[in-house]
Amino acid sequence: MAAMSRTIDRHRSAGWFRIVAFTEAVTWVGLLVGMYFKYLGSPRTEIGVKIFGMAHGLVFIAFVVVAVLLGMAFKWSATTWLLALLGSIVPLGSVIFLMWAERTGRTVAKGTAATAPPVA
């Protein structure tokens, strides 16, 4: 397992994690809107649930896979793993976890700056 964590590009994994986390949040919102129109809206329709349900399911799986890869690359603690998985279940939790992970340095390699260098 240590050999695999050395082969994962940390910077690229963090970028993919950011994209997947935001996509997961967007599909969650789409699914919630679709559920509103399925059960309460006028006219009642299931099309939103069918479209966003499938999309959210696929992005949810991608979020978990990328979180596992990122956790291996950055050697996350058990608590961080648990928070990542919890963030995938709670609506918009993926973005909240992403913001927390970036703020606390869990998606930045040790010894590197968390911000981009200034442009000259």
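Since we're looking at a predicted model, the values are computed, not measured.

1. Some words on the overall build of the protein
Tallying secondary structure elements over the protein gives five helices and zero strands in all. For the protein, the α and β elements follow one another from N to C terminus as α-α-α-α-α. The contacts in the protein between residues at least 6 apart in sequence include a share of 67% that link residues at least 24 apart. On the protein, roughly 7,800 Å² of surface is accessible, and the fraction owed to carbon and sulfur atoms is 73%.

2. Remarks on the confidence of the model for the protein
Across the protein, the average pLDDT comes to 84, with 82% of residues at or above 70. By mean pLDDT, helix α1 (residues 2-7) is the weakest element of the protein at 54, and helix α5 (residues 93-103) is the strongest at 93.

3. Quick look at unusual backbone geometry
Note that the residue after serine 42, namely proline 43, is joined by a cis bond; omega there is 0 degrees. Considering the arrangement of structural elements, one finds proline 43 in the loop between α2 (10-39) and α3 (47-74). Phi at lysine 75 takes a positive value of approximately 55 degrees, unusual for a residue other than glycine. The residue lysine 75 is located in the loop between α3 and α4 (78-89) in this model. Phi at leucine 92 takes a positive value of approximately 65 degrees, unusual for a residue other than glycine. By the element assignment, leucine 92 lies in the loop between α4 and α5.

4. Some points on the nonpolar core
Counting residues in each nonpolar core, the largest one holds 16 residues, and the members touching the most others are Phe17, Leu70, Trp76 and Phe97. Of all the secondary structure elements, the ones that give two or more residues to this core are α2, α3 and α5. Ignoring any residue separated from it by four or fewer positions in sequence, one finds phenylalanine 97 in contact with Phe17, Trp76, Thr80, Leu83 and Ala84.

5. Focus: the packing of aromatic side chains
A complete count under the given rule lists seven aromatic pairs for this structure. Geometrically, the ring pair formed by phenylalanine 17 and phenylalanine 97 is edge-to-face, given 6.0 Å between the ring centres and 90 degrees between the ring planes. Separated by 80 residues along the polypeptide, phenylalanine 17 in helix α2 and phenylalanine 97 in helix α5 bring together distant segments of the chain. The exposure class assigned to phenylalanine 97 is buried, which follows from its relative accessible area of 4%.

6. Describing the packing of α3 against α4
α4 packs onto α3 with a crossing angle of 165 degrees between their chain directions and a minimal axis gap of 10 Å. For the element pair α3 / α4, the angle class is roughly antiparallel. Between α3 and α4 lies a crossing whose hand is right-handed. Counted together, Phe60, Phe63, Val64, Ala67, Val68, Gly71 and Met72 of α3 and Trp81, Ala84, Leu85 and Ser88 of α4 form the full contact between these two elements. Of the residues belonging to the contact of α3 with α4, the class tally is nine nonpolar, two polar and no charged.

About the thresholds
Starting from 1, residues in each chain are numbered consecutively following that chain's sequence as written. For this predicted model, a pLDDT threshold of at least 70 governs which residues receive local features, and a threshold of 80 or more governs which side-chain atom pairs are given and counted, while totals over whole chains, interfaces and linings are taken from all residues. Hydrogens are left out, water is left out, and the side-chain values use all remaining heavy atoms of the structure. Helix numbers and strand numbers start at the N terminus; a helix is a DSSP run of H or I with at least 4 residues, a strand a run of E with at least 2. Two residues form a contact once any of their heavy atoms are found within 4.5 Å. Values of accessible area rely on a 1.4 Å probe in the Shrake-Rupley scheme; residue burial ignores everything except the protein chains shown. Within a predicted model, pLDDT stands for the predictor's per-residue confidence, ranging from 0 to 100. In these notes, a set of buried Ala, Val, Leu, Ile, Met, Phe, Trp, Tyr and Cys residues joined through side-chain atoms within 4.5 Å is what counts as a nonpolar core. Each residue is assigned to one of three classes by its accessible area relative to the maximum for its type, calculated with a 1.4 Å probe on protein chains only: buried under 20%, partly exposed between the two thresholds, exposed over 50%. Only Phe, Tyr and Trp rings are paired, with Trp represented by its six-membered ring, and only when their centres lie within 6.5 Å; those with planes under 30 degrees apart are stacked, over 60 edge-to-face, the remainder tilted. Working convention: axes come from line fits to C-alpha atoms, limited for helices to the stretch in contact. Angles between N-to-C directions cover 0 to 180 degrees. Angle categories: roughly parallel below 35 degrees, roughly antiparallel above 145, roughly perpendicular from 65 to 115, and oblique for all the rest. Less than a right angle of anticlockwise turn of the near helix away from the far helix marks a crossing as left-handed, whereas a clockwise turn marks it as right-handed. Three classes are used: nonpolar for Ala, Val, Leu, Ile, Met, Phe, Trp, Tyr, Cys and Pro, charged for Asp, Glu, Lys and Arg, and polar for all others, with Gly counted as polar.

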